[in-house]
Amino acid sequence: MGNIIGRLPGTDESITESVMTGSHIDSVLNGGKFDGPLGVLGALEAVRTIQENGIKLKRSIEVISFTDEEGARFSAGFTGSKGMCGLFGRHHLDEMVDQDGITYSQAFLQAGLNPDNYENAKREPGSIKAFVEIHIEQGKVLENGDLSVGIGTGIAGPMWLEVIIRGESGHAGTTPMQLRRDSGLAAAELMLQVEQIAIVYQGVGTVGRIHFEPGGANIIPESASFMIDFRHTDSGKRELMKTEIELALRKICEKRSLQYNLTVNMDIPPVLCSNTIVDVMEDACQDLGFKPFRIVSGAGHDAIIMSNITDVGMIFVRSKDGISHNPKEWSSKEDIADGVNLLMQTIIRLASE
């Protein structure tokens, strides 16, 4: 699957469950340098420090860099972690295409990978004791609390809906407003509905990519295609958000005499972090002199997928101004050091059992 994995063997060969830590190094369009790479480089630094100080641990430790967490090219992320959890199928390789019409399978071959071997990435439940991921917060909670690190207790589940609305193109100057079948205006209406639905259910909803055809400034859009990203930490409320969005789409298209197609491109349920790992992190915070502050993440992470086969834990590092998915993304060396020290102490405790 293109995952890159390093392993530090434990002292007790009879223990087969490893402790895994890491994240991803791919980014979004116009992204920053901390979202993902912090979790890979931080994991490397923590394990190197364990090794350099001659600390011997019973369990093996694995450091991983997952493939394509963000889904920027194929609009369906978590590729590497899905492969590790047995959630990536042949249909993903053959049916998913990028904007240039290249399939995921072709992209694998171009990257020097054999798509036929994707099942070899799978790990069985019981092979990994815990997966711990350190990540920037991507919000302002820690900054507002003047805290360098936080302990993750849950991760909101993202759902991506791909919407295509089809109408009729026409001359922008000669077609009366009441006679138009304008897919662009329908898309605009739905985008405003997504905002209101997110507010009502106290979740989040975003349309960050939209495309009109034919795409001329003086042509009524014949089709509008866009992606809706919405998230919630409560599965029930997230499902209600989806129902409301579908209802709004149908009503808007009926009113404007349009056709539409809606496809679920991603559906990752919300996840709670392991109480055991949270307790371990709180003990480590006390020893390090940090306030053990609990925080919920609205962003998706590989940990949300890894929860299918093992217990997961998250450590969050303060983000300057809460900015993320932006070149201004920033976390200080001091805050990162605090986060990686907490990661290292957590790994030591988990791998000593």
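All of the points below concern the structure found in this document. (Residues numbered from 1 in each chain as written. Predicted model: local features only at pLDDT ≥ 70, side-chain atom pairs only at ≥ 80, totals over all residues. Heavy atoms only, no water.)

Another aspect to go through is unusual backbone geometry. A cis amide bond, omega 0°, links E213 with the succeeding residue P214. Structurally, the position occupied by P214 is in the loop between β7 (204-213) and β8 (223-232). For D68, which is not a glycine, the phi torsion comes out positive at approximately 45°. The topology assignment puts D68 in the loop between β3 (61-66) and α2 (79-84). (Helix = DSSP H or I, 4+ residues; strand = E, 2+ residues; numbered from the N terminus.)

Their axes nearest at 9 Å, the elements helix α8 (residues 275-288) and helix α10 (residues 333-351) cross at an angle of 125°. When the axis of α8 is compared with that of α10, the two are oblique. Here the hand of the crossing between α8 and α10 comes out right-handed. When α8 is examined against α10, the residues I277, V280, M281, D283, A284, C285, D287 and L288 are found in contact with a partner set consisting of N341, L342, Q345, T346, R349 and L350. (Axes fitted to C-alpha atoms, helices over the stretch in contact; angles between N-to-C directions. Parallel < 35°, antiparallel > 145°, perpendicular 65-115°, else oblique. Left-handed = near helix turned anticlockwise from the far one by under 90°. Contact = heavy atoms within 4.5 Å.)

Take the packing of helix α1 (residues 37-52) against α10 next. Where α1 contacts α10, the two axes come as close as 9 Å, and the packing angle between them is 60°. Classified by the angle between their axes, α1 and α10 sit oblique to one another. Note that α1 runs across α10; the crossing there is right-handed. Seen from α1, the contacting residues are L38, G42, A43, E45, A46, T49 and I50; seen from α10, they are I336, V340, L343, M344, I347 and I348.

A few words now on the environment of S27. Relative to the helices and strands, S27 resides in the loop between β2 (18-24) and α1. On the basis of relative accessible area, S27 is assigned to the partly exposed category, the value being 34%. Each C-alpha atom, one on S27 and one on D68, is 8.2 Å from the other, the two residues being 41 residues apart in sequence. (Buried < 20%, exposed > 50% of the residue type's maximum accessible area, 1.4 Å probe, protein only.)

Here the focus is the packing of aromatic side chains. Taken as a whole and judged by the stated rule, the model has seven aromatic pairs. Plain terms: the ring middles of F88 and F108 are 6.4 Å apart, the flat faces sit at 20° to each other, and that makes the pair stacked. Taken together, the positions of F88 in the loop between α2 and α3 (90-95) and F108 in helix α4 (residues 104-110) put the pair 20 residues apart, joining distant regions of the chain. Assessed through its relative accessible area of 7%, F88 is described here as buried. (Phe/Tyr/Trp six-rings, centres within 6.5 Å; stacked < 30°, edge-to-face > 60°.)

As a rule of thumb, soluble globular proteins bury nonpolar side chains together. In terms of nonpolar packing, the biggest core is built from 61 residues, with M20, I50, I61, M84, F131, M306 and L343 touching the most fellow members. Ranked by residues supplied to this core, first place goes to α10 with nine residues. With residues near it in sequence (within four places) discarded, M84 still touches N3, I5, M20, I64, F66, A121, K122, R123, I128, M306 and I309. Counting residues in each nonpolar core, the second largest holds 22 residues, with I165, A187, F230 and C253 among its members. (Core = buried A, V, L, I, M, F, W, Y, C linked by side-chain atoms within 4.5 Å.)

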